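Chain and residue survey
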Amino acid sequence: MADPGTPHPLDNPALSSLTGPHSHFAERRGRILRYPVDVTPWTAHSDVPDAQDWADLAALAGPGGTISMNTLRVEPPKGWEILHRIAGVQLVDVSVVPEPEPEAVRLGPADVPEMLDLVARTRPGPFLPRTVELGTYLGIRRGGALVAMAGERLHPPGWTEISGVCTDESVRGQGLASRLVRAVAYGIRERGETPFLHTSAANTVAIRLYESLGFQLRARPEFLAALAPVALPPADGTRRPAPR
């Protein structure tokens, strides 16, 4: 039985990933970690960053740089400009029926221009030039063109996030998203891990789809994007242990 005092890996999935299976991606300053800016925008930090954490976060972002957070429980300090807040949901696999998808092809670096084009048309959430490096991405092509995809993003120990789920308008209603989610889930389950995912709380169509596939609501995180101060705050010299 899990210790009730032990944080769950999904309570702070970016931190769990960057101190776990994705540690080779981690850029670190003090207690703050982040993915490279061309991989994914997520930063990792404690739920309640202190003044030194904010200074380190600003230094990592650079003057006027953008950061994305999903576990913040306090307001950013003076000088930070909030770009947006999005109420989200975190869903976990409780009864998904995973299965391979014969029509799916593995996507890699050579497919990134098409993947970025599909994302620009469908807006599933952040997908950057090196996001494909985070895990397995599968796509479906029609007439040679990429029309649907889904893949893996955050990777806390024992869990893998399904992300980048998108379908071109020309093929919607054909069940391609469901088939790809099940196929990505199949690969995750084959590793002995459990799929989870995030989406906007306002995206009721996607939530209904995921629930019909066997995902269940676990948490309601808030996604926040903010600009670091143009003039970086001075560090106070206090150093705390870095995440391990």
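Treat the numbers as computed from the prediction; the structure is a model and nothing was measured.

A few words now on the overall build of the protein chain. Scanning the protein chain from N- to C-terminus turns up 5 helices and 12 strands. Relative to the 2.2 N^0.38 estimate, which gives 18 Å for 244 residues, the radius of gyration of the protein chain is 18 Å and therefore close to what a compact globule would have. Reported as C-alpha extents along the three principal axes, the dimensions of the protein chain are approximately 55 × 45 × 30 Å. For the protein chain, the residues scored as buried account for 48% of the 244 residues in total.

A few words now on the nonpolar core. Ranked by internal contacts, the top residues of the largest apolar core, which has 26 residues, are Ile162, Val165, Leu180, Val181, Tyr210 and Phe215. Within the residue set of this core, elements represented by two or more residues are strand 5 (81-93), strand 7 (137-142), strand 8 (145-152), strand 9 (159-167), helix 4 (176-190) and helix 5 (204-213). The leading source of residues in this core is helix 4, at 8 residues. Val165 has contacts with Pro124, Met149, Ala150, Ala177, Val181 and Tyr210, leaving out every residue within four places of it along the chain.

For the rest of this paragraph, the subject is the pattern of salt bridges. For the structure shown, the criterion picks out 20 salt bridges. Across the pair Arg31 and Asp50 runs a salt bridge whose closest N-O atoms are separated by 3.7 Å. Of the two residues, Arg31 is situated in the loop between strand 1 (27-29) and strand 2 (32-34) and Asp50 in the loop between strand 3 (43-44) and helix 2 (51-61); the sequence distance between them amounts to 19 residues. Overall, Arg31 belongs to the partly exposed group, its relative accessible area being 23%. Overall, Asp50 belongs to the partly exposed group, its relative accessible area being 28%. Here Glu103 makes a salt bridge to Arg142, at a shortest N to O gap of 2.8 Å.

This next bit is on the side chain of Asp93. Considering the arrangement of structural elements, one finds Asp93 in strand 5. Taking relative accessible area as the criterion, Asp93 reaches 10% and is therefore assigned buried. One polar contact links the side chain of Asp93 to the main-chain amide nitrogen of Val96, over a distance of 2.9 Å. Of note is the side chain of Asp93, whose polar atom sits 2.8 Å from the side chain of Arg189.

Quick look at helix 3 (residues 112-122) now. Buried residues of helix 3: Val112, Met115, Leu118, Val119 and Thr122, and no others. On an axial view of helix 3, the arc spanned by its buried residues comes to 120°, and they lie on one face. Exposed side of helix 3, more than 90 degrees from the buried face: Pro113 and Ala120 are the residues found there. Packed against the buried residues of helix 3 are strand 6 (105-107), strand 7, strand 8 and strand 9. Of the residues trailing helix 3, Arg123 is marked for its positive phi of about 50°.

Cut-off values and rules
Residues numbered from 1 in each chain as written. Predicted model: local features only at pLDDT ≥ 70, side-chain atom pairs only at ≥ 80, totals over all residues. Heavy atoms only, no water. Helix = DSSP H or I, 4+ residues; strand = E, 2+ residues; numbered from the N terminus. Rg over C-alpha atoms; globule rule 2.2 N^0.38 Å. Buried < 20%, exposed > 50% of the residue type's maximum accessible area, 1.4 Å probe, protein only. Core = buried A, V, L, I, M, F, W, Y, C linked by side-chain atoms within 4.5 Å. Contact = heavy atoms within 4.5 Å. Salt bridge = Lys/Arg side-chain N within 4 Å of Asp/Glu carboxyl O. Polar contact = N/O pair within 3.5 Å; in protein donor to acceptor, adjacent residues only side chain to side chain. Arc of directions from axis to C-beta.

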